[in-house]
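These are the residues of each chain, in order.
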Amino acid sequence: MNFYAIKAIYLYEMSRTFRTISQSLIAPVISTILYFVVFGTAIGSKIENIEGISYGVFIVPGLVMLSVLMQSITNAAFAIYFPKFVGTINELLSAPVNTSDIILGYIGAATTKSFSIGVIILITAHIIVPINIVHPIYMILFLLLTCFAFSSFGFIIGLWAKNFEQLNLIPMLIITPLVFLGGSFYSISMLPAFWQKISMFNPVVYLISGFRWTFFNFSDFSFSISLFAIISFAILCNIIIFRMFKTGYKIRT
Amino acid sequence: MKPIISINSLYKTYKSGFKALENISLDINKGEIFALLGPNGAGKTTLISIITGITIPTSGLVKVNNFDVIKNPINTKSVIGLVPQEVAIEPFETVLSSVKFSRGLFGKPQNSDYLKKILKQLSLWDKRNTKIIELSGGMKRRVLIAKALSHEPLVLFLDEPTAGVDVELRKDMWGIIRSLKENGVTIILTTHYIEEAEDLADRVGFINNGKISLIENKKQLIEKMGKKTLSIHINNSIKNIPNNLKKYKLEISNNGATLIYNYNINHDKTGITRLLNDLSNENIILKDIKTNQSSLEDIFVDIVGK
Ligand SMILES: Nc1ncnc2c1ncn2[C@@H]1O[C@H](COP(=O)(O)OP(=O)(O)OP(=O)(O)O)[C@@H](O)[C@H]1O
Ligand SMILES: [Mg+2]
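Calculation rules
- Residues numbered from 1 in each chain as written.
- Chains lettered and ligands numbered in written order.
- Predicted model: local features only at pLDDT ≥ 70, side-chain atom pairs only at ≥ 80, totals over all residues.
- Heavy atoms only, no water.
- Helix = DSSP H or I, 4+ residues; strand = E, 2+ residues; numbered from the N terminus.
- Rg over C-alpha atoms; globule rule 2.2 N^0.38 Å.
- Buried < 20%, exposed > 50% of the residue type's maximum accessible area, 1.4 Å probe, protein only.
- Contact = heavy atoms within 4.5 Å.
- Areas by Shrake-Rupley, 256 points an atom, 1.4 Å probe, with all protein chains shown as cover.
- Near = heavy atom within 4 Å.
- Polar contact = N/O pair within 3.5 Å; in protein donor to acceptor, adjacent residues only side chain to side chain.
- Axes fitted to C-alpha atoms, helices over the stretch in contact; angles between N-to-C directions.
- Parallel < 35°, antiparallel > 145°, perpendicular 65-115°, else oblique.
- Left-handed = near helix turned anticlockwise from the far one by under 90°.
- Pairing = 2+ DSSP bridges.
- Buried area = accessible area lost by both parts, 1.4 Å probe.
- Salt bridge = Lys/Arg side-chain N within 4 Å of Asp/Glu carboxyl O.
- Nonpolar A, V, L, I, M, F, W, Y, C, P; charged D, E, K, R; others polar.

Trainee: Could you give an account of the overall build of chain B, naming the residues involved and the relevant values?
Mentor: In terms of regular secondary structure, chain B is built from ten helices and 14 strands. Rg of the C-alpha trace for chain B: 24 Å, well past the compact-globule value of 19 Å for 306 residues, more than 25% over. Seen along its three principal axes, the alpha-carbon backbone of chain B occupies a region of about 75 × 45 × 40 Å. Taken across its 306 residues, chain B has 49% of its residues classed as buried. Counting only contacts in chain B whose residues sit at least 6 apart along the sequence, the fraction spanning at least 24 positions is 69%. With an accessible surface of roughly 15000 Å², chain B has 48% of that area assigned to carbon and sulfur atoms.

Structure (structure tokens):
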């Protein structure tokens, strides 16, 4: 464990965030407000309450998840892709650091960043539609776990990507549809039976369901299933990262 | 003396199938300056990348400070500083934060006084809050050196440190290298500037096509390989070599005003005395004589040419 290295990487990454603070924070906040205006207010006013919760409030957990997943993936992917692109990755490879130091530094910073964005979006949403969170501790825990798991996933994409197109491919092509079809804007139980079955294969469904439970105390699946899913995903991603560094996959020649 | 770096039967074949290094064995002594010379594509950077843990060797053993670079990379990496050939630094960071990052990455607590000293030495102190992207090429190279020195390495690799650097900085750099050596730092440098190796290095290694062709103490090398030439300037220029002088294989240059004689200092008889006698027998009047020793560059061209 190289404490100074973890600190150096973490602070370096955070300083990058602060340097580009406007892009980092304003973009997700604005797009969330837009979602609210369109889905929450314009369309939502025509939709009846779900389990006694107004539609505008109902979509808040899904919106937070949408932003947090995208932010975690793109931040972590970029954080390691950029040094590969610029060539500074060699400094990292020649430094006396373990894979765990690298993970704690880079993924720790990406997690911090996307968690902060999630919290800011929540506060923004709260200003528009007052929200009462039933299980705040679980909410924070689950949000942190999600940020960490998907930052790890993004890190893998950053290590794997050979160019900027590939870097954007997975978030655009896979994550966006999965999130939209994952019940961000509706409850799975509102779907016809056939589509409910199909949705069971979408991992994001469990995420949003679990996160929604921490807010409203009701969900499509039990919270423990969601918790189990996100922890397994985080562990799987980190195993892959360790393997990639050990074999030098696409990093060391 | 125990070597600080020891390389044994090292092979590197890239995934493309290209054999970049073949059977390299080499010891670097503690505290010496070792210059690695060789043409483009010889394998210099590959060798350095393996020792510094960036590239994975195909087979062979590399030890730094008695630790195996594969089995104990943390131990070997923490004593090595690397100034890479490619100038790669995050463009939007400032000089100071870049250097601080390196120090932290190599596991050292921050020390502003030390970093200030290095940056001053490299004439970067005034630029400490400037973004890398706003620096000139030579300044970026200085930042790379500052980054490598920031964590007080025992062994410093300089992969063509003076490429694209002006004369003044090159002199500064040589000064820094010498003072590092005085502080006991072992230095391995690659360069295409032969004068650099000739001026700085204690020993010189030649690498070509992935094979080390010669490792020598620089002075011995120059002497051993050292052919000398004797230039004889004469009063009356001549067109043809007189028959009696044919055996000396003289070359005529300068329109017959200069005769050039090649000999080797290490031979028992250089033939100079006899040549001078025979010249006077032929009534050739000497104006001046001059001797020249071959430089590392000549030797280098000689070896690489083979
Ligand atoms: N990642 C790689 N994959 C395949 N071949 C490579 C790779 N890196 C280097 N090579 C090849 O290995 C050989 C040695 O390259 P290397 O960079 O070690 O040369 P060098 O001696 O440092 O040359 P230069 O003086 O130009 O810097 C070259 O022929 C190069 O094309
Ligand atoms: Mg090179």
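Now, onward.
Trainee: Tell me what's going on with the site of ligand 1, and back it up with residues and numbers.
Mentor: Residue and element names in this part refer to chain B. Close to ligand 1 lie 16 residues, the nearest being Gly41, Lys44, Thr45, Thr46 and Gln85. Separating a nitrogen atom of ligand 1 from a side-chain N or O atom of Tyr14 is a distance of 3.4 Å. In the model, an oxygen atom of ligand 1 is placed 3.3 Å from a nitrogen or oxygen of the Glu160 side chain. Taken by itself ligand 1 offers 640 Å² of open surface, and the protein chains cover 68% of this.

Trainee: How would you summarise the packing of helix 6 (residues 99–128) of chain A against helix 7 (residues 136–160) of chain A if you had to cite specific residues and measurements?
Mentor: All names here are of chain A. Taken N-terminus to C-terminus, the directions of helix 6 and helix 7 make an angle of 130°; their axes are 8 Å apart at the nearest point. In terms of orientation, helix 6 lies oblique with respect to helix 7. Regarding helix 6 and helix 7, the two cross each other, and that crossing is right-handed. Taken together, the residues of helix 7 that come into contact with helix 6 (itself represented by Ile102, Tyr106, Ile107, Ala110, Thr111, Ser114, Phe115 and Leu122) are Met139, Ile140, Leu143, Leu144, Cys147, Phe148, Ser151, Ser152 and Phe155.

Trainee: I'd like a description of the sheet that holds strand 12 (residues 251–253) of chain B, backed by residues and values.
Mentor: Residues and elements named next belong to chain B. Taken together, four strands build an open sheet; the order of strands is 12-13-11-14 and the sheet is antiparallel. The two strands at the open ends of the sheet, each matched to only one other strand, are strand 12 and strand 14 (286–293). Strand after strand, the sheet turns through a mean of 25° between neighbouring axes, direction not considered. Pairing geometry for strand 12 and strand 13 (residues 258–264), over three bridges, is antiparallel. Residue pairing across strands places Ile252 opposite Leu259, the latter belonging to strand 13.

Trainee: Kindly report on helix 1 (residues 44–51) of chain B, identifying the contributing residues and their values.
Mentor: Taken across its eight residues, helix 1 of chain B has seven buried, putting it largely inside the fold. Residues of helix 1 of chain B that are buried: Lys44, Thr46, Leu47, Ile48, Ser49, Ile50 and Ile51 of chain B.

Trainee: Outline the sheet that holds strand 5 (residues 67–68) of chain B, listing residues and values.
Mentor: All names here are of chain B. Across the sheet, which stays open at both edges, the four strands sit in the order 2-1-4-5 with antiparallel pairing between neighbours. Each edge of the open sheet carries a strand with a single partner, namely strand 2 (19–29) and strand 5. Relative to strand 2, strand 1 (residues 3–13) runs antiparallel, the two being bridged by seven bridges. Bridge pairing in strand 2 places Leu10 opposite Ile24. Along the sheet, helix 1 makes contact with strand 1, strand 2 and strand 4 (59–64), crossing strand 1 at roughly 120°.

Trainee: Let's hear about the environment of His151 of chain B: which residues, and what values?
Mentor: Residues and elements named next belong to chain B. Tracing the backbone through its elements, the reader meets His151 in the loop between helix 5 (137–149) and strand 7 (155–159). We classify His151 as buried; its relative accessible area is 2%. As for His151 and Ile188, which are separated by 37 residues in sequence, their C-alpha atoms are 17 Å apart. In this structure, His151 is in contact with Ile80, Gly81, Ser102, Arg103, Phe106 and Lys108, ignoring residues within four places of it in sequence. Only 3.4 Å separates the side chain of His151 from the backbone oxygen of Ala148, close enough to count as a polar contact.

Trainee: I'd like to hear about the interface of chain A and chain B, residue by residue, with values.
Mentor: Put simply, an interface is often sized by how much accessible area is lost when its parts join up. Contact with chain A, which involves 27 residues of that partner, is made by 28 residues of chain B. A buried area of about 2500 Å², summed over both sides, lies between chain A and chain B, and 61% of it is on carbon and sulfur atoms. Contact with chain B buries surface across chain A, with Tyr12, Pro96 and Thr253 of chain A losing the most and accounting together for 28% of the total. Along the contact surface separating chain A from chain B lie two salt bridges. In this structure, Glu90 of chain B engages Arg16 of chain A in a salt bridge whose closest nitrogen and oxygen atoms are separated by 3.3 Å.

Trainee: Could you give an account of the packing of helix 7 of chain A against helix 11 (residues 223–247) of chain A, naming the residues involved and the relevant values?
Mentor: In a pair of packed helices, the angle between the axes and the distance between the axes together describe the arrangement. Residues and elements named next belong to chain A. Axis separation between helix 7 and helix 11 bottoms out at 9 Å; the angle between their running directions is 30°. Relative to helix 11, helix 7 is oriented roughly parallel. Read as a crossing pair, helix 7 and helix 11 show a hand that is left-handed. Its residues placed into classes, the contact of helix 7 with helix 11 shows 22 nonpolar, four polar and no charged.

Trainee: Describe the side chain of Thr55 of chain B, and please don't skip the residues or the numbers.
Mentor: Relative to the helices and strands, Thr55 of chain B resides in the loop between helix 1 and strand 4. The exposure class of Thr55 of chain B is buried, given its relative accessible area of 4%. If we skip the residues at most four places from it in the chain, Thr55 of chain B touches Thr253 of chain A together with Lys12, Tyr14, Ser49 and Ile50 of chain B.

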